[in-house]
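# Examination of the molecular architecture
This is what each chain is made of:
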Amino acid sequence: MKPTHKGFNNYSLELDKSQRVILKQFVNQMLQSIPSDANYYPVEKAFSGIYEKLKLENDSTKLTKDEFFKLKEALKRNITHLEKEITKVWFFKRWIMKPMLKQYISIFNSNFKE
């Protein structure tokens, strides 16, 4: 996130092809895990908007402020969850989870780090 004008922020994501695929899968999993309850409608609306924008395959994906911060928080929670889980699992599962964690951290650092 880079400020464009004083007081305004640019909520666009610069993603390469592999990062876009990973984020699409992540957002799709988030959409499937959200219950279809009226209380969760704003969250479902934000993630479905993010998913539709990621499907466009543009170089830069422009998000709203709400979408940007919801995706940032979900990705941050997922990273902390994976870091905790990696310490508890056996070698083979850790071997599978470590590259996924590195990719999530890479996406977070390149697009969401202040």
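Residues numbered from 1 in each chain as written. Predicted model: local features only at pLDDT ≥ 70, side-chain atom pairs only at ≥ 80, totals over all residues. Heavy atoms only, no water.

Once that is clear, we can look at the overall build of the protein. Assigned secondary structure in the protein consists of four helices and four strands. N-terminal to C-terminal, the α/β element order of the protein is β-β-β-α-α-β-α-α. Seen along its three principal axes, the alpha-carbon backbone of the protein occupies a region of about 45 × 35 × 25 Å. Every one of the 114 residues in the protein was classed for burial, and the buried ones make up 33%. Relative to all contacts within the protein whose residues are 6 or more apart in sequence, the contacts with residues 24 or more apart total 61%. Each charge class in the protein was averaged separately, 21 positive and 13 negative side chains, and the resulting centres sit 5 Å apart. (Helix = DSSP H or I, 4+ residues; strand = E, 2+ residues; numbered from the N terminus. Buried < 20%, exposed > 50% of the residue type's maximum accessible area, 1.4 Å probe, protein only. Contact = heavy atoms within 4.5 Å. Lys, Arg positive; Asp, Glu negative; His and termini not counted. Charge placed at Lys NZ, Arg CZ, Asp CG, Glu CD.)

Another aspect to go through is helix α3 (residues 65-88). Counted at 1.5 Å a residue, the expected span for α3 with its 24 residues is 34 Å, and the 35 Å between its end C-alpha atoms agrees. Among all positions of α3, only E67, F68, L71, K72, A74, L75, N78, I79, L82 and I86 are buried. Contacts made by the buried residues of α3 are with β3 (12-14), α1 (17-33), α2 (41-55) and α4 (91-111). (Expected span 1.5 Å × (residues − 1).)

Now for the pattern of salt bridges. Within this structure, the stated rule accounts for five salt bridges. Here E52 makes a salt bridge to K55, at a shortest N to O gap of 3.6 Å. Of the two residues, E52 and K55 both sit in helix α2, three residues apart, roughly one turn of that helix. Assessed through its relative accessible area of 41%, K55 is described here as partly exposed. A salt bridge links K76 to E73, with the shortest nitrogen-to-oxygen separation between them at 3.6 Å. Here the residue K76 and the residue E73 both occupy positions in helix α3, the gap between them amounting to three residues, near one helical turn. On the accessibility criterion, K76 (35% relative accessible area) is partly exposed. (Salt bridge = Lys/Arg side-chain N within 4 Å of Asp/Glu carboxyl O.)

To continue, consider the packing of α1 against α2. As a packed pair, α1 and α2 sit with axes 9 Å apart at the nearest point and diverge in direction by 155°. In terms of orientation, α1 lies roughly antiparallel with respect to α2. You can see that α1 and α2 cross each other, and the crossing is left-handed. Between α1, through R20, L23, K24, V27, N28, M30 and L31, and α2, the contact on the second element is made entirely by E44, F47, S48, I50, Y51, K53, L54 and K55. (Axes fitted to C-alpha atoms, helices over the stretch in contact; angles between N-to-C directions. Parallel < 35°, antiparallel > 145°, perpendicular 65-115°, else oblique. Left-handed = near helix turned anticlockwise from the far one by under 90°.)

Grouped together as the largest cluster of nonpolar side chains are 27 residues, with contacts concentrated most on L13, L23, F26, F47, L71, L75 and F112. Going through the elements one at a time, α1, α2, α3 and α4 are the ones with two or more residues in this core. When residues in this core are grouped by element, the largest group, seven residues, is from α3. What L13 contacts, discounting residues up to four positions off in sequence, is L23, D59, S60, T61, L63, F68, L71, N111 and F112. (Core = buried A, V, L, I, M, F, W, Y, C linked by side-chain atoms within 4.5 Å.)

Keep in mind these values describe shape, not function.
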